There are 2 protein chains.
Amino acid sequence: MAAQRRIDLVLDSVRRLLRIGATANLLNLLQKQHPADLAQVLGELADRDRQATFSLLADRNGRLAMETVSELGPESGAALLATKSAEEIARLAQEIPSDDAAALIDHLPEELSAAVLELMRPKQSGEVENLLEYDEQTAGRIMNPHVFALDEDLTVGEAITELQTNRDVEMVFYLYVVDERRHLVGVTSLRRLLLVSPETPLKRIMTTDLISARVDMDQEEVARQVASYNLLAIPVVDEENKLVGVITVDDVIDVIKEEATEDIYRLAGVAGDERAFTPAGESIRKRLPWLGVNLATAFLAASVVALFEGTIERITALAVFMPIVAGMGGNAATQTLTVIVRGIALGELTWSNSRKTLVKEAAVGVSNGVVLGLVAAAVAWSTRGSPVLGLILCAAMIINMFVAATAGTLVPLGLRAANVDPALASSVFITTLTDVFGFFSFLGLATLFMRYLAPGG
Amino acid sequence: MAAQRRIDLVLDSVRRLLRIGATANLLNLLQKQHPADLAQVLGELADRDRQATFSLLADRNGRLAMETVSELGPESGAALLATKSAEEIARLAQEIPSDDAAALIDHLPEELSAAVLELMRPKQSGEVENLLEYDEQTAGRIMNPHVFALDEDLTVGEAITELQTNRDVEMVFYLYVVDERRHLVGVTSLRRLLLVSPETPLKRIMTTDLISARVDMDQEEVARQVASYNLLAIPVVDEENKLVGVITVDDVIDVIKEEATEDIYRLAGVAGDERAFTPAGESIRKRLPWLGVNLATAFLAASVVALFEGTIERITALAVFMPIVAGMGGNAATQTLTVIVRGIALGELTWSNSRKTLVKEAAVGVSNGVVLGLVAAAVAWSTRGSPVLGLILCAAMIINMFVAATAGTLVPLGLRAANVDPALASSVFITTLTDVFGFFSFLGLATLFMRYLAPGG
């Protein structure tokens, strides 16, 4: 709350200073802010104001401008950056670490990114190009290639001297130790260096049992390792175990948020990279395929209803109650599905320990089906005067909620076993299933017991 | 994958050693594992095996046993711990930091937790009780009260000596500086101490502009601060700005995961603290209220259908197509809702910048409505031979997807403005709305244009 209030104040001042053209005051205000706060301010400004503010900052404090753009995230950041010329972007990109630059350049329009890489200093553009060669969402792609390492043959005193002379090194809570061919052989900490005498060989105090990530490791797995072992950073090694980079915990937090967003989105049929500010045209294109699949499955469910048109013609009350059976199945399935998908994502649920969960979900489904089915039956009976209609409604709800529970458990687990993201395909499968089963069980039972239902039966 | 394989191997060995009763070998194997891995192994064991393994570890290596229990998370951890006597739990609880102990003790059955606190050493039980006095989900509740701080009057040399003598201090990447009354006045780092001469006063090299969290700050806000400023830890202060604890980034990662789970769950109507292994009885109790609300709203939608029973009686084909209109509205609404709720959660979307989003969502809804409506109309026309039925279906879908988009944007933003969690109440509102509007627009239009539809009209 307090943070939001502060940002709102800055936002108001920025708008005012832009309006009156007080460039020097504006620059002064901007330079006092943290890049993360500036990113939020830029995000809330109108397009023209955002570009004006960014241009001012880019001209006068390139580093802060680029740190702010990085904080905006790769999509929005690259969109803002693309308003500049290739020369300008090339100059600005060298102000930030190459992993951050790579993430932004990767999201520029293809021609522009090629031009930018062409114009950058060879050393830095080489680094960026190296990073971009790794697959998306791997450790190699998100690592910082500037990793400080100590030679295993140093003494503690020499190591401290080396730290004192390399003043631009950033991450020093873990000190990685490498052999002469840069193979990762151990880790120690600044703290431990201070606890022993300077002549102690580094080898004696380093830990050789350390956790590292291969360049091709999936970023989700990297995040899981850092989170479960409570690490502040994880060293990245190539296939020969040579140290090539480091991923710090702040990058891991971004990955965790990104993956959570992806999971939430997939359950709802939204593309992982869509955001609230994605342009309408792109959103339409991204959402339409999912809705198209849903339309096809809706017709499948409708064709089940069509099978029973004769029954509905005789007893129109069925048309009134049938959406309840399908809908409640869908709701129950969504609950089960969500718990299972999240359990899989958090690594709690695996194929081997899932039998207990299946039995439990089935029990939950049937129990809730009985309770809600009886309530629904009472309403149907009292409003329609037909106890048989009530009984059929109740039975259909129990059947459908049992189907919802078992399918809601088995489908995501099955997809996971087949190496498909369980969140991706589950919800459309499941709701189709509960619609089809809901209509079929309700209308089917009604057809079977027609003679007890039909007014003139 | 590799990590999972390793855990599966350990799991197999644990099961085998338990079966043959090779206690010494088992203990040996367990002690080689990281607590996070052990927690996963315990999670996959059957209840009896889990308790046997935990008991062995608790007897022989209390610290590792408790670190493992902590990694299980407070619910599952406390459930396992509760199989022990109060005396045993009191002894074990003193093996881990008091914030971890507090989280576990808080989840024990009330009588047991009181007995445990009674039996613990006064110093540690006092710390735990202090933590439990803070509200749930606040900084005070999750902080570690053992925070190392340096006196502002020290020199750098004296500070290093102090660090060397306090060997049990854990978190030393940030060194907090306090005045004589323990007010937080600055921060520095071990690294910076090494870059200046030992006589330098600490005051000269410390940063006074630092970010801290008040004890009563919501844990979600704490997580947001740590994440946006890329911190490794945040100091916690009381209302007088006295340093009382520290929250490290690994705890923040847990908070971020917990909050993401809560958001995913709320969208699906699942209680935030339900997990894949929550007992069936508890799951039923937790899910039933939400399903009950859904049942009530399903009846509301059904009553709209009932309004048009006369129309359906004449044209039963309407009963076949009406779930399509309602369902597609629901799907489109879920997409919009998800993007908006996540945008709010990530702090990207606020009331002030939402107008643009509303216009965009409305445009997306209408466009997708037109495309899908035309497809549906073509199917209806070709299968039923009635172009009017197709047109009505198309029009109703466009109307309903427009309603879905605007409601999917406005409802969560409105709830947020009213300080209600947008994820909590949104989905039930929205799907009720799309059901009601879907049925009403489709059946209403059909009633209006009855004479063009009815076979004998």
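Predicted, not measured: the structure shown is a model, and the values here were computed from it.

1. Here's the deal with helix α6 (residues 74–81) of chain A
Thinking step 1. Within α6 of chain A, six of the eight residues are buried, which leaves the element mostly enclosed by the surrounding structure.
Thinking step 2. The complete set of buried residues in α6 of chain A reads P74, S76, G77, A78, L80 and L81 of chain A.

2. A few points about the packing of helix α19 (residues 317–345) of chain A against helix α21 (residues 387–417) of chain A
Residue and element names in this part refer to chain A.
Thinking step 1. Their axes nearest at 8 Å, the elements α19 and α21 cross at an angle of 30 degrees. Judged by the angle between their axes, α19 and α21 are roughly parallel. For the crossing formed where α19 meets α21, the hand is right-handed.
Thinking step 2. Looking at the contact of α19 with α21, its residues break down into 21 nonpolar, five polar and one charged.

3. So, the interface of chain A and chain B
Thinking step 1. At the junction of the two partners, chain A supplies 93 residues and chain B supplies 92 residues.
Thinking step 2. Each residue belonging to the side of chain A that touches chain B can be placed in one class, and the counts come to 53 nonpolar, 26 polar and 14 charged.

4. Comments concerning the domain arrangement of chain A
When the parts of a complex come together, some accessible area is lost, and that lost area is often used as the size of the interface.
Thinking step 1. Splitting chain A by domain gives domain 1 (2–137), domain 2 (149–260) and domain 3 (280–453).
Thinking step 2. Computed over C-alpha atoms, the centres of domain 1 of chain A and domain 3 of chain A are 48 Å apart.

5. Describing the sheet that holds strand β4 (residues 213–214) of chain A
Within a sheet, adjacent strands bond to each other through the backbone by hydrogen bonds, running parallel or antiparallel.
Residues and elements named next belong to chain A.
Thinking step 1. In space, the three strands of this open sheet follow the order β4-β5-β6, with mixed pairing throughout. In this open sheet, the two edge strands, each paired with only one partner strand, are β4 and β6 (243–248).
Thinking step 2. The sheet contact formed by strand β5 (residues 233–237) and β6 spans five bridges and is antiparallel. Note on β6: the bridge partner recorded for I234 is I247.
Thinking step 3. Strands in contact with helix α16 (residues 249–268) are β5 and β6; relative to β6, the strand with the most contacts, it is inclined by about 65 degrees.

6. Description of the relation of the copies chain A and chain B
Thinking step 1. Between chain A and chain B, which share one sequence, the superposing operator has a rotation angle of 180 degrees and an axial displacement of 0.0 Å; the RMSD is 0.1 Å. Interpreted geometrically, this transformation is the action of a two-fold axis.
Thinking step 2. The fraction of interface residues of chain A whose copies in chain B are also interface residues reaches 99%, indicating that both copies meet through the same surface.

Conventions and cut-offs
- Residues numbered from 1 in each chain as written.
- Chains lettered and ligands numbered in written order.
- Predicted model: local features only at pLDDT ≥ 70, side-chain atom pairs only at ≥ 80, totals over all residues.
- Buried ≥ 20, exposed ≤ 12 C-beta atoms within 10 Å, placed from the backbone.
- Helix = DSSP H or I, 4+ residues; strand = E, 2+ residues; numbered from the N terminus.
- Axes fitted to C-alpha atoms, helices over the stretch in contact; angles between N-to-C directions.
- Parallel < 35°, antiparallel > 145°, perpendicular 65-115°, else oblique.
- Left-handed = near helix turned anticlockwise from the far one by under 90°.
- Nonpolar A, V, L, I, M, F, W, Y, C, P; charged D, E, K, R; others polar.
- Contact = placed C-beta atoms within 7 Å.
- Domains from an automatic or database assignment.
- Pairing = 2+ DSSP bridges.
- Least-squares fit on C-alpha atoms with pLDDT ≥ 70 in both.

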